[in-house]
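Structural overview
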Amino acid sequence: MIGRQYSIAATALTALAALSSTSQAFVPASTRASLPRLYSTVEEAPASVESTESDSNKNVDQIEDTSRDKVMTFSYDMSIEPKYEKPTYPGTGNGMSGDAGEYDIIVIGSGMGGLSCAALSAKYGSKVLCLESHIKVGGSAHTFSRMHDGGKYSFEVGPSIFEGLDRPSLNPLRMIFDILEETMPVKTYKGLGYWTPTGYWRFPIGDKAGFDKLLMDQCGEVDGPKAIAEWGALRERLRTLGGSTTAVALLNLRQDAGFLATTAGSLPFVLTHPDVFLDLSLTFDDLSKTVDEFVTVPFLRNFIDTMCIFCGFPAKGAMTAHLLYILERFFEETAAFSVPIGGTCELGNTLQRGLEKFGGKLQLNAHVDEILIEDGRAVGVRLKNGNVVKAKKAVVSNATPFDTVKLMPQTEEEPKGLTKWRNDLGTLPRHGAISHLFLAIDAEGLDLSHIKDPAHLVVQDWDRSLQDSQNLCSFFIPSILDKTLCPPGKHVIHVYSSGGEPYEPWEKLTPGSEEYEAYKKKRVEVLFCAVENAIPDVRDRIEFSIIGSPLAHEAFLRRDRGTYGMAWAAGSSAPQSGILGSVLPFPFPNLKTPIDGLLRCGDSCFPGIGTPSAAASGAIAANTMTHVDNHLKLLTEASKKDPLYKFLDAGIMGQVYKPLVQGFTPSPELRVDQFVSGAGVSPVDYTATDPNISERIDLKQE
């Protein structure tokens, strides 16, 4: 949600150099009453099922004791998935659209990662098709509307806290908008409200003096100066890593030898800050180790935990990199949070415009049933309607790893490496599900002058885990700033739990049944109470309400079991993390796969959860699929769009390195054209200005 991880790029590149009233809207058209249970394959695999039942019990049992120092993750074995089709919810589509055809690149999913990958690939000159199972674009970042008494009410369903979208910034998503020359109107606000056991307080973004005052007010005369000093010491310890945010961007990265050229502009910073090498491991390590070393004041430790929780973990479990951007950017005077005018859906709409501008295509309601593999290479996809779409260069999955493995049925003759990759990704730990509450309220006579911001966090108990869905939640009132979202005199509110809601109790219930409705009301009571902090009479003001259960979250956002995302805690390397994982505690599986021509992007890839990070992963995938010359030209072009972006240009050193690496880009498994001669000596021309290579609409001759 909040953009935080932009400075990981510099440290990542040096590491490489060294070697994501209850409405019927959420009630499905079909029910689960007659469907087989999760362990319906018990006769085929009793041992695995026993393990799965044990894992399921652990998933539920852990929420009984959510102590502060507990790291919560959820586990499932995707290899024994039930063989049934989950219910289709009205408003999500049936997935039966999509035409047969042939493209250079097929992207599965239109989340921020998928759309960024597709749009940049189209700008690079590839013929691109982005396939979305839902009838709406944007993945978790989309908006839905309901009519009530003749008025239209629009609600967010996913991320709601954005920084750096109002002007050129280090936010990768904003950078991509600017590269695509697309704009997205926003309104800004300057704080984040907190409702805690000690009362209400506000984090003032872009105001260092205001933050120091907050520490004094909340910590008192004794601990206040101590908290200020500890915060300063923590910033100083991480200053070199934080300073790398303006040395190289995530958009400079690619996963092949070409990165030596595209990141060469950072060499002056690296040479003048050699200690960055000493901190490589720290970047990806557990942040709590560094926090424990410098921070003792409880209020400050709590604040740091809440700043990290958007990645799914508090400081314990989060990478140090999650805090770097906050340490640098959030205290600059120009820093501000943004509300996209028209709803979060405008993020996806903006990227879609960029995709189509360069000849790319987006197909909605087009569910992918299978990734087609021939002779060890991804050659296309089979859609739910039976149509086959071929990919000449690559297939990129923006689906979660848990959903991606479902698209690749195991075969007897497949390589062992593929089997292991599928099993590793299918059993990765994940965050729990999310529950939602959508409220349309009458604002007549409502005085909200006591709150200055649309976004708020609510903590019930600092001694319980912030991953506990009954302890931490957020509410967002975008209509405070964006009057287009509801009729005059009304407000729309989205309340959502942390990603720690266990799925098992929900899947045992039949949607629409009395038990299901009762359980929904029970689990979202904490969400109602959260809003009552700011609006005590909110229940009396309700025009209508919608409860979104984890089952609805799963169906509407196309995420297996409604998961918030992958949950590999920092401190060790994730399975399938590649070469980097062998030398550093890199907590992400590789974006590349054992299948030639198959890549991944999204919040389960580097750099992680959040719209800016997911967008960056898509950009890295797009960069990896194009020739390094293309990438360098794009960076040079982007560097001229705003003085802030000047550092994107790899400069003269990029041109020095280019002849050394261009013959190896893209890497062999992504290459479809043959070399002119030799084994990698002569580069392939993938430049977007060659109409013989590109099928861009704007390059075709009349």
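A brief report on the enclosed structure follows. No experiment lies behind these values; they were computed from the predicted model shown.

In total, this model carries 37 salt bridges according to the counting rule given. For arginine 353, the salt bridge identified is with glutamate 182, shortest N-O distance 3.1 Å. Note that arginine 353 is positioned in helix α14 (residues 345-357) and glutamate 182 in the loop between α4 (172-179) and β6 (186-189), a separation of 171 residues in sequence. Accessibility expressed as a relative area gives 12% for glutamate 182, which makes it buried. One network of salt bridges, in which partners are shared, links Asp403, Lys406, Arg430, Asp560 and Arg561.

Counting residues in hydrophobic clusters, the biggest one holds 147 residues, and the most contacted among them are Phe303 and Ile304. Counting residues in hydrophobic clusters, the runner-up holds 24 residues, among them Leu437, Ile441, Phe475 and Ala534.

This next bit is on the sheet that holds strand β8 (residues 199-204). Taken in spatial order, the seven strands line up as β8-β7-β15-β16-β17-β14-β18 in an open sheet, and their pairing is mixed. Two strands bound the open sheet, and with one partner strand each, they are β8 and β18 (542-548). Within this sheet the neighbouring strands show an average axis-to-axis angle of 20 degrees, counted without direction. Relative to strand β15 (residues 455-459), strand β7 (residues 191-196) runs parallel, the two sharing three bridges. In the sheet register, tryptophan 195 faces β15, and the bridge partner there is valine 458.

To continue, consider the packing of aromatic side chains. Under the counting rule described, the total for this entry stands at 26 aromatic pairs. Relative to phenylalanine 331, the ring of phenylalanine 211 has its centre 5.1 Å away and its plane inclined at 65 degrees; by these criteria the two rings are edge-to-face. Taken together, the positions of phenylalanine 211 in helix α5 (residues 208-237) and phenylalanine 331 in the loop between α13 (321-329) and β9 (337-340) put the pair 120 residues apart, joining distant regions of the chain. As far as burial versus exposure is concerned, phenylalanine 211 and phenylalanine 331 are alike and both buried. Aromatic pair phenylalanine 588 and phenylalanine 606: ring centres 6.1 Å apart, planes at 80 degrees, arrangement edge-to-face. A residue pair is termed long-range when its members are at least 10 positions apart, and phenylalanine 588 in the loop between α21 (578-583) and β19 (598-600) and phenylalanine 606 in the loop between β19 and α22 (611-624) qualify at 18 residues. Judged by its relative accessible area of 6%, phenylalanine 588 is buried.

If you check which residues of helix α11 (residues 287-294) are buried, you get Leu287, Ser288, Thr290 and Val291. Looking straight down α11, one finds that the buried residues subtend no more than 160 degrees of arc, so they occupy a single side.

Reading the values: the criteria
- Residues numbered from 1 in each chain as written.
- Predicted model: local features only at pLDDT ≥ 70, side-chain atom pairs only at ≥ 80, totals over all residues.
- Heavy atoms only, no water.
- Salt bridge = Lys/Arg side-chain N within 4 Å of Asp/Glu carboxyl O.
- Helix = DSSP H or I, 4+ residues; strand = E, 2+ residues; numbered from the N terminus.
- Buried < 20%, exposed > 50% of the residue type's maximum accessible area, 1.4 Å probe, protein only.
- Core = buried A, V, L, I, M, F, W, Y, C linked by side-chain atoms within 4.5 Å.
- Pairing = 2+ DSSP bridges.
- Axes fitted to C-alpha atoms, helices over the stretch in contact; angles between N-to-C directions.
- Phe/Tyr/Trp six-rings, centres within 6.5 Å; stacked < 30°, edge-to-face > 60°.
- Arc of directions from axis to C-beta.

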